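Below are the chains, spelled out letter by letter.
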Amino acid sequence: MCFFTMSVAVADTHIFARGSNGSQYLVYSMAFTAAGELAMVLPLPVPRNSPEDAVRFINLERYADFFADMRLGIPLTRSVDAVSLGAPPLQVHDVGCFEASFVPKIADFDRLDERFRITDEVWAQLPIYRDYGFAVFKLKGKSTRQNVHPMAFEFPRRNPELLYFPTVHIHDRQLYSVADFHHTLYCQAGAEFSNYLDDWRRSDDIASTFVDIDRAQGIVDPNLHCWYLPLLGRRENADTFVGKNGGIPAAV
């Protein structure tokens, strides 16, 4: 799920995921237009009762072209390439041009700045996330479209057999069963995921040939290929999981 705390227009979403032992790296990027300050909330399937320091935020301010490099390794077709371009306050991390926090559970949203909280009425529509944790990024809105450097972090994962992509849309405090997708998903996955990547396309070369491994700060395995999947058009408004019992949002 990607949830914004005020009305926003979003396009060109790119998400990268890689599992690493008991954790997962996630990199998220999009272009957006908003009238004022807002927060973006990403639910995370972390182990229950994770501590407040369970998520490690990674500053990619010096690697704003992370996804531009990622695309270099993907054998794109011309048609696809044209489209896919009360408690104490929670700790706030300076992560490049963002302020970021990890919210261990829904009740802890009361410890955020009031502007960036989510109402109980909204959470009532989202029972699936009742025991998730949440990465919250504070964004500065403006009336023109803006691109920001990717948001990146590493979190402990509840199920090591799944890679998670937050693809549910909530842009106006309402949850709809169908949404318009303009997403590009990337991942690196070991042999245990090979049976679940039939719809994905693999890079011709390993990642070190097209990604700046030093600037990626451990997010990308230099010796693995990358996989690519565009999610476009009207689809079931759902998160994406790769692995056993996983699936991608169905086209409508």
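Rules of the game
- Here, residues in each chain are numbered from 1, in the same order as that chain's written sequence.
- Residues qualify for local features only when their pLDDT is at least 70, as the model is predicted, and side-chain atom pairs are given and counted only at 80 or more; totals for whole chains, interfaces and linings, by contrast, use all residues.
- By convention in this description, side-chain values take in all heavy atoms of the structure and omit both hydrogens and water.
- Numbering of helices and strands runs from the N terminus, with a helix taken as a DSSP run of H or I at least four residues long and a strand as a DSSP run of E at least two residues long.
- Under the scheme applied here, a residue whose accessible area is under 20% of the maximum for its type counts as buried, over 50% as exposed, and between as partly exposed, the area being computed with a 1.4 Å probe on protein chains only.
- Per-residue accessibility takes into account occlusion by the displayed protein chains alone, with areas from the Shrake-Rupley method and a 1.4 Å probe.

(A) The arrangement of the overall build of the protein chain in detail. When helices and strands are tallied, the protein chain shows four helices and 16 strands. The buried share among the 252 residues of the protein chain stands at 50%. Carbon and sulfur atoms make up 48% of the accessible area of the protein chain, which totals about 11,500 Å².

(B) Structural view of unusual backbone geometry. Its identity is not glycine, yet Asn 49 carries a phi of approximately 60°, on the positive side. Within the secondary structure layout, Asn 49 lies in the loop between β4 (38-44) and β5 (56-59). For Gln 217, which is not glycine, the phi torsion reads 55° and is therefore positive. Take Gln 217: it is sitting in the loop between α4 (213-216) and β15 (227-236). For Gln 217, a relative accessible area of 40% corresponds to the partly exposed category.

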